[in-house]
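Survey of secondary and tertiary structure
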Amino acid sequence: MTGTAAGTGPAAGPGPDTGTGTGRDTDAGPDTGTGPDTGAGPDTGAGPGAGPGASGRTAAAPRTGGRRHLAGTPALLRFALRRDRVLIPVWVAVNALMVLSMPGTLKSLYGTPAERASLLDQMAANTSLRALVGPVFGDSLGALTAWRVGVYAGALAAVTSLLVVVRHTRDEEESGRQELVSSAAVGRRAPLTAALLAAAVASAALALLVTAGLAGQGAAGAAAFGLGLAGVGLVFATAAAIAAQLTQSARAARGLTAAVLGAAFVLRAAGDAADDRSSVLTWLSPLGWLEYLRPFAAERWWVLLLFAGATAGQAAVAYRLAGRRDLGMGFLPTRPGPAEGRLGTAGALAWRLQRGALYGWSAAFLAAGIVFGRMTEGAAQAVGDNERTREIFQRMGGQSGLTDAFLAAMTGLLGLVAALYVVSSVLRLSGEESSGRAEPVLAGAVGRLRWAAGHLAVAFGGSALIMLLAGVGFAIGYGRQAGPVLGACLVQVTAVWVIGGIAVLLHGLLPRGAVAAWGVAGAALLIGWIGPALNAPRPVLDLSPFGHLPKLPGADVDWTTLGVLLGLAAVLVGAGLAALRRRDMAG
């Protein structure tokens, strides 16, 4: 067999190839141009040749440095911040407003040193309230602010971070957009890095706002509080990054990180309820680290090292996991379905998709009801003779007595949180539509209304179920007034359904803007939670459907108002479904 290698000279049959191997060999096998050509197979480069492979060893592939793994990170970060130009500012602003509104409220509640000293004595003796909001370490307005909102501001910062990180990691992979982005000059770790940096931007913005807003109470304390909140956000951002590597769905990643946050809250509550002012259980929780940082009360700056160490360690684990898996895959295997399908209707499919989330919300509301029920008597004792505190509880819970007012306020708070569930459940429609999973379902003998009705049944029925379980928890924890407390919880459902109806309307009219339903639920939460403490005027409180509910137990049931709210919810849902039926499907 004869062949010609396009180099500096010809190669004849089995003789050595003296060419440089920069061209094409017409023999039966490819010639790399770095060794002898046998004319029958690949050239291994083991013989003499004039090319760079004359040493007889295959040249090693070039090593990829860390810069290549992070290529494209700035562009991805800019894209992430652009996509979150509404989500991040809204969540950060709500959290900062909650914190910065508290000094003025506390000053009106506990204006004198004697009143603040009395509060410290009451909190030292009241384990149930310590479990709810934590211990008090100082009697200044700054220290009381950190005590009153620290745990919840930290939890809100954690929720913001987990939403941002999962949205730009597992959500992108699940939708297929990450595969398209990765086909360009984007490093393997660039998407995860951009997501973590976006969460860091949100945490830094919150820290700056809190530090600047509370500087008048003490610069050192304000800086410690702001850095502590940012630290909590970063810890849970990296925790969400790990969850995004372990699971194969964004919903599972959010649920896993939320479970970690719930465990952190429970550990902190259990530790704070103990008589020991420095419980081991509290030290196991990042929310407990925020407390023990002690802003405005002889700050413990070294506690910030715990946040830094946890963030760095979890980030390293997340990067290691990201480098060891394929795109779209996870380390936790998904459970295979049955050999033969058992889902015969669109409603059954919706239940299968959403039942896990509903189970988690149900357990959380039952536990919350038990905890709040056990706190009822202690809360009444803690208020004591403080007229201003009594007025706030009465604005939130009615005029029928302090105990009934506390029960009404707590059931109202759970109703506000239930609005978040109904929004997340309704927006599952948007997720199914934008990801393309709704198309195969609708390609069969399933209409749009039947498809949507299955998800809406889970959303609206599930919200009623979790509020019912909350009432059962109150009855177990409080031990009295089971019927009135159950009624107080179920009354909240009408307002929750109005929020759900708004979400359905937004999905039907503006599928890309359906995320604005989170803003509606957040505004209702802000008005209902902070409005009474700020002595907001009645027209502002009435902007929320929860402002029109009767303050049960203790007040009379206004059936007309409840009927109007139910009718409004029905109209909103009907309008949303009509719009869904007329428009094109997204995705």
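Above this note sits the structure.
Residues numbered from 1 in each chain as written. Predicted model: local features only at pLDDT ≥ 70, side-chain atom pairs only at ≥ 80, totals over all residues. Heavy atoms only, no water.

**Thoughts on the overall build of the protein chain**
Going by this rule: A helix here means a DSSP run of H or I that spans at least four residues, while a strand means a run of E at least two residues long, and both kinds are numbered starting from the N terminus. To sort residues, take the accessible area from a 1.4 Å probe on protein chains only and compare it with the maximum for the residue type: under 20% means buried, over 50% means exposed, and anything in between is partly exposed. Only the protein chains shown count as cover for residues, and all accessible areas are computed by the Shrake-Rupley method using a 1.4 Å probe.
Counting its secondary structure elements, the protein chain contains 25 helices and zero strands. Taking all 587 residues of the protein chain together, the buried fraction comes to 48%. Roughly 26,400 Å² of accessible area belongs to the protein chain as shown, and the carbon and sulfur atoms make up 64% of that amount.

**Overview of a nonpolar patch on the surface**
Rules: Only residues whose relative accessible area exceeds 30% and that take part in no salt bridge are eligible for patches, with like-charged residues grouped when within 9 Å of each other and nonpolar side chains (Val, Leu, Ile, Met, Phe, Trp, Tyr) grouped when within 5 Å. Salt bridge, as used here: a side-chain nitrogen of Lys or Arg that lies within 4 Å of a carboxyl oxygen of Asp or Glu.
Nonpolar side chains collect at one region of the surface, where Leu465, Leu468, Val472, Ile476 and Leu490 lie side by side and expose about 370 Å² of accessible area between them. Top contributing element to the nonpolar patch by residue count: helix 21 (residues 448-478), with four residues. Structurally, Val472 can be placed in helix 21. Under the relative-accessibility criterion, Val472 is labelled partly exposed at 32%.

**Observations regarding the environment of Glu173**
Rules: The criterion used for residue contact is that any of the two residues' heavy atoms lie within 4.5 Å. Polar contacts here mean pairs of N or O atoms no more than 3.5 Å apart (in protein, one a potential hydrogen donor and the other a potential acceptor; neighbouring residues in sequence count only if both atoms are side-chain atoms).
The topology assignment puts Glu173 in helix 8 (residues 170-175). Glu173 sits in the buried class, given a relative accessible area of 16%. Residues Glu173 and Gly328, 155 residues apart in the sequence, show an inter-C-alpha distance of 5.5 Å. Among residues more than four places away in sequence, those in contact with Glu173 are Gln178, Arg325, Leu327, Gly328 and Met329. Engagement of the side chain of Glu173 in a polar contact is seen with the side chain of Arg325, the distance being 2.6 Å.

**What about helix 21?**
Inclusion rule: To estimate how far a helix should extend, the number of its residues minus one is multiplied by 1.5 Å.
The end-to-end C-alpha distance of helix 21 is 45 Å, a good match for the 45 Å that 31 residues give at a rise of 1.5 Å each. A positive backbone phi angle near 85 degrees is found at Gly479, which sits one or two residues after helix 21.

**Overview of the pattern of salt bridges**
In the structure shown here, the tally under the stated rule is 13 salt bridges. The partner of Glu291 in a salt bridge is Arg268, and the shortest N-O contact between them spans 3.3 Å. Placement of Glu291 in helix 14 (residues 286-292) and of Arg268 in helix 12 (residues 250-273) is noted, with a sequence separation of 23 residues between them. Of the two residues, Glu291 and Arg268, neither departs from the other in class, the shared state being buried. For Arg583, the salt bridge is made with Glu433, and the minimal N-O distance between the two is 2.7 Å. In this pair, Arg583 sits in the segment after helix 25 (559-582) while Glu433 sits in helix 19 (residues 428-434), placing the two residues 150 residues apart along the sequence. Take Arg583 and Glu433: they sit in the same class, and that class is buried. Several salt bridges converge on common partners, so that one network encompasses Glu174, Arg428, Glu432 and Arg437.

**Some remarks on the packing of aromatic side chains**
The criterion, for reference: Any two of the Phe, Tyr and Trp rings considered here, Trp counted by its six-membered ring, make a pair once their centres fall within 6.5 Å; the pair's planes then place it as stacked at under 30 degrees, edge-to-face at over 60, or tilted in between. Whether a charge sits over a ring comes down to the Lys NZ or Arg CZ being within 6 Å of the ring centre and within 35 degrees of the ring normal.
Scanning all chains against the criterion turns up 10 aromatic pairs. The interplanar angle of 20 degrees and the centroid separation of 5.8 Å between the aromatic rings of Trp283 and Trp302 together place this pair among those described as stacked. Here the residue Trp283 occupies a position in helix 13 (residues 280-283), and Trp302 occupies one in the loop between helix 14 and helix 15 (304-322), the gap between them amounting to 19 residues. Taking the relative accessible area as the measure of exposure, Trp283 reaches 23% and is therefore partly exposed. Residue class for Trp302 comes out partly exposed when judged on its relative accessible area of 47%. Their ring planes at 45 degrees and their centres at 6.0 Å tell us that Trp361 and Phe365 sit as a pair that is tilted. Taken as a pair, Trp361 and Phe365 lie in helix 16 (residues 346-383) at a separation of four residues, close to a single helical turn. Relative accessible area serves as the criterion here: at 4%, Phe365 is assigned to the buried category. Linked through ring pairs, Phe137, Trp283, Tyr292 and Trp302 together constitute an aromatic cluster. The aromatic ring of Phe265 is capped on one face by Arg268, whose charged end is 4.7 Å from the ring centroid.

**A short note on the packing of helix 21 against helix 25**
What counts is decided by this rule: Lines fitted to C-alpha atoms define the axes here, with helix axes fitted over just the stretch in contact, and angles between the N-to-C directions of these axes take values from 0 to 180 degrees. For any helix crossing, the convention is left-handed if the near helix is rotated counterclockwise from the far helix by under a right angle, and right-handed if that rotation is clockwise. Under the scheme applied here, ten amino acids are nonpolar (Ala, Val, Leu, Ile, Met, Phe, Trp, Tyr, Cys and Pro), four are charged (Asp, Glu, Lys and Arg), and all others, including Gly, are polar.
Look at helix 21 against helix 25: their axes get within 10 Å of each other, and the N-to-C directions meet at 150 degrees. Seen from above, helix 21 lies across helix 25 with right-handed handedness. Taken together, the residues of helix 25 that come into contact with helix 21 (itself represented by Arg448, Leu449, Trp451, Ala452, Leu456 and Phe460) are Val573, Leu577, Leu580 and Arg581. Tallied by class, the residues present in the contact of helix 21 with helix 25 amount to eight nonpolar, no polar and two charged.

**Things to note about the packing of helix 10 (residues 190-213) against helix 11 (residues 219-246)**
We apply this condition: Note that the term roughly parallel is reserved for angles under 35 degrees, roughly antiparallel for angles over 145, roughly perpendicular for angles of 65 to 115, and oblique for everything else.
At a closest axis distance of 8 Å, the pairing of helix 10 and helix 11 adopts a crossing angle of 160 degrees. Considering the angle they form, helix 10 stands roughly antiparallel to helix 11. As for how helix 10 packs across helix 11, the hand of that crossing is right-handed. Split by residue class, the contact of helix 10 with helix 11 holds 16 nonpolar, six polar and no charged.

**Digging into the nonpolar core**
We count it as follows: Residues belong to a common nonpolar core when they are buried Ala, Val, Leu, Ile, Met, Phe, Trp, Tyr or Cys residues joined through side-chain atoms within 4.5 Å.
Formed by 135 residues in total, the largest nonpolar core has its most connected members in Phe225, Phe372, Leu414, Val426, Trp451, Phe474 and Phe546. Tallying contributions element by element places helix 7 (residues 141-168) first for this core, with 15 residues.

**Things to note about unusual backbone geometry**
At the junction of Leu552 and Pro553, the peptide bond is cis and its omega measures out at 0 degrees in the coordinates. The topology assignment puts Pro553 in the loop between helix 24 (538-541) and helix 25. At Arg294, a position not held by glycine, the phi torsion is positive, near 55 degrees. By the element assignment, Arg294 lies in the loop between helix 14 and helix 15. On the basis of relative accessibility, which here comes to 21%, the residue Arg294 falls in the partly exposed class.

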